[in-house]
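Listed below, chain by chain, are the residues.
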Amino acid sequence: MPLSSTEHHHYVVIMGGGLAGLTLALQLKKRFAGIDVQVVERRPHPVPIAAHKVGESSVEIGAHYFDTVLGLKPHLQQQQLKKFGFRFFFSEGRRDIDQVTELGASKVLPVPSYQIDRGIFENYLAEEARAQGVTFIDGAVVKEIHLAGAGAGTGTGSAGPHRITWQRDGDVQGATATWLIDACGRAGLIKRKLGLAQTNAHACDAVWFRIKDRIAIDDWTDNPAWRARCTPPERWRSTNHLVGAGYWVWLIPLASGSHSVGIVADPSIHPLDTYNTFDKAMEWLRTYQPRLFDELDGKRHLLQDFAFFKRFSYGCKQVFSADRWALTGEAGLFLDPFYSPGSDFIAIGNTYICELIARDRAGQPLGAHAQIYDQVFHSFYDSTLALYTGQYPIFADPEVLPVKVIWDYTYYWGVLSQMFFHDRLADLSSMSKLKDELAHCQKLNLAVQDFLRAWSLVSKKRNPAVMLDQAALPWFAELNRSLTDTLDEDGFRRRMQKSARQLHDLAVEICSRGSDEHPSLQASALQVLLQAAKVGADDSSDHPPHDSPERRPVACSFERMLFPALA
Ligand SMILES: Cc1cc2nc3c(=O)[nH]c(=O)nc-3n(C[C@H](O)[C@H](O)[C@H](O)COP(=O)(O)OP(=O)(O)OC[C@H]3O[C@@H](n4cnc5c(N)ncnc54)[C@H](O)[C@@H]3O)c2cc1C
């Protein structure tokens, strides 16, 4: 293809300037003084606010990446909304939200997270990238990619650079790059070129739209006691989930004043063609979540957009290569929006890419590290995927879903978040010492997910008018706070052992609660206990014994929070 201007060489070229590409550009600039980075983005800037993209709710890892690793706290605090955690209502078919079980925190937990208007954020990220010296070319569509041959990452510098061309305003331009990063989202340019696409077992669909008004969930009832349960009484700042069999509906407020609404469902229970237009989605809400239907019915004229994805979850055979290319964000893989891990995986992937580039700049070989980082990244993907696959039927269960959420979060804050916050992701010596423990925890998680699924098949699904208050679980709030500790090597090892103990104790408690009420669950419980025994197996040295007062709080407070209301 003929080029209209001189071709430049850049050390890093990032194809796609969305969330993953722009944050990577900023991370590279922050870490390597003077590094030459170019970002080529299809959409002209500024992009529209509110009705831009999904990926609006952040959780702890993604939030920490944005506010601390990238240093964007002032923007997040002043231009976006501080999130009031996540919140779930078992409100299927109901208008009386104060009469159903609510799972959430009565006060904001210590580690911050944010509701992000993606339009506002991407405009800011692009301006910031330009201010930091990134060459940001908007309105430019990447057309062709030529990847340098194998051996690029041997440290010898012998292989030639990568080369891309893009089209902008009718002109074709090109550049060469030492490192080529695919951050093109679902377009997945390198993935397609190298045949890296991989399906997974998680079949799920989603639709979403933005309404140019606030959805004032706090006003859905006049009940003063219900309103007073939260301090401040601002549930609207939460990511609110209205849940039912095989689906959940998200309500996410945006700083621009709009509200994002999404329906995410297992197609074996709710086929996509029953809710894949705005009118159909409204009829669907009228049946399944009528209080939200009432709220939206009078605001139809404020609709800003409507979109959907069929089978949004997928894997990818490889995301990092010693041949100096990498995939980040949705150009690689995507799990599920429940628990909002999209930004987390961007944070983790970008961090590994920076590590590989650091090695390369230091003249060190990449082969082993690219391979190990790829394996570790995929193991995070596999263990997180287990939280979702086949689990959507549980969403209708006010008894089992809260247990699952507590378990999933104990796993998330206790394992993956500790590694990210304490900067141990790329520390292969630390990771290899923890290898067995992490593998046991991963298997325990699978066994617990199986147990929860079995439990939900027999559970009575009682739905009392109570709040299951996560802030009232002292160990759970402490686990969240502990992410901000400063730990040395030994402290980090002990922290991970403590997390394993907590998972062990919680798993035992979950099994005993479920199988005490439902003896048919005993076989399933046994599988969990066998795996839990392995997690507790190195319980020697400085670990308190199982029946010590130090270990009882997990079980006792868990019991107090989740079960008395069901008696
Ligand atoms: C239904 C749903 C809900 C979600 N909710 C959440 C959530 O609440 N929280 C969360 O953290 N994550 C969420 N996610 C995930 C989130 O959307 C992604 O993590 C995030 O948007 C991915 O960012 P990205 O940069 O990889 O892709 P994008 O933001 O899509 O960016 C890719 C960019 O590449 C550009 N591009 C594409 N092709 C070309 C080309 N040929 N040339 C140049 N540029 C190109 C595009 O214009 C785009 O700007 C959700 C995902 C789904 C499917």
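Residues numbered from 1 in each chain as written. Predicted model: local features only at pLDDT ≥ 70, side-chain atom pairs only at ≥ 80, totals over all residues. Heavy atoms only, no water.

Undergrad: Mind showing me how you'd approach empty space enclosed by the protein here?
TA: Over the atoms a probe the size of a water molecule is rolled, and this reveals where empty space is left. In total, this model carries four cavities of 30 Å³ or more according to the counting rule given. Considering only enclosed or pocket space, the largest cavity measures out at about 180 Å³ in volume. Taken together, 18 residues make up the lining of the largest cavity; nearest its centre are Glu60, Phe84, Gly85, Phe86 and Leu109. The set of elements that each furnish at least two residues to the lining of the largest cavity consists of α11 (400-421) and α14 (474-481). (1 Å grid on protein atoms, 1.4 Å probe; cavity = no way out; pocket = protein on both sides within 12 Å on 5 of 7 lines; lining within 4 Å. Points joined across faces, edges and corners; volume = space filled by probe spheres on them. Helix = DSSP H or I, 4+ residues; strand = E, 2+ residues; numbered from the N terminus.)

Undergrad: Can you help me understand the site of the ligand in this one?
TA: Around the ligand lies a shell of 36 residues, among which Ala20, Glu41, Ser57, Glu330 and Ser343 are the nearest. A distance of 3.1 Å separates a nitrogen atom of the ligand from a polar backbone atom of Arg42. In this structure, Glu330 approaches the ligand through a main-chain N or O atom, which is 2.8 Å from an oxygen atom. Starting from 980 Å² of accessible surface for the ligand in isolation, the protein chains cover 95%. For the shell around the ligand, the secondary structure elements donating two or more residues are α1 (19-31), α4 (118-131), β8 (141-146), β12 (205-211) and α9 (342-361). With three residues, the single largest contributor to the shell around the ligand is α9. Considering only residue class, the shell around the ligand consists of 18 nonpolar, nine polar and nine charged. (Near = heavy atom within 4 Å. Polar contact = N/O pair within 3.5 Å; in protein donor to acceptor, adjacent residues only side chain to side chain. Areas by Shrake-Rupley, 256 points an atom, 1.4 Å probe, with all protein chains shown as cover. Nonpolar A, V, L, I, M, F, W, Y, C, P; charged D, E, K, R; others polar.)

Undergrad: Sorry, what's going on with the pattern of salt bridges here?
TA: Here the idea is simple: oppositely charged side chains can pair when their charged atoms come close. The tally for this structure, following the rule as stated, stands at 34 salt bridges. Residue Asp219 is joined to Arg227 by a salt bridge in which the shortest nitrogen-to-oxygen separation is 3.2 Å. We classify Asp219 as partly exposed; its relative accessible area is 48%. Notably, a salt bridge pairs Arg462 with Glu517, separated by 2.8 Å at the nearest N-O pair. Residue Arg462 is found in the loop between α13 (435-458) and β20 (467-469), and its partner Glu517 is found in helix α15 (residues 489-517); the two are separated by 55 residues along the sequence. You can call Arg462 partly exposed: its relative accessible area is 26%. A single salt-bridge network, built from bridges that share partners, covers Arg87, Glu102, Arg229 and Arg235. (Salt bridge = Lys/Arg side-chain N within 4 Å of Asp/Glu carboxyl O. Buried < 20%, exposed > 50% of the residue type's maximum accessible area, 1.4 Å probe, protein only.)

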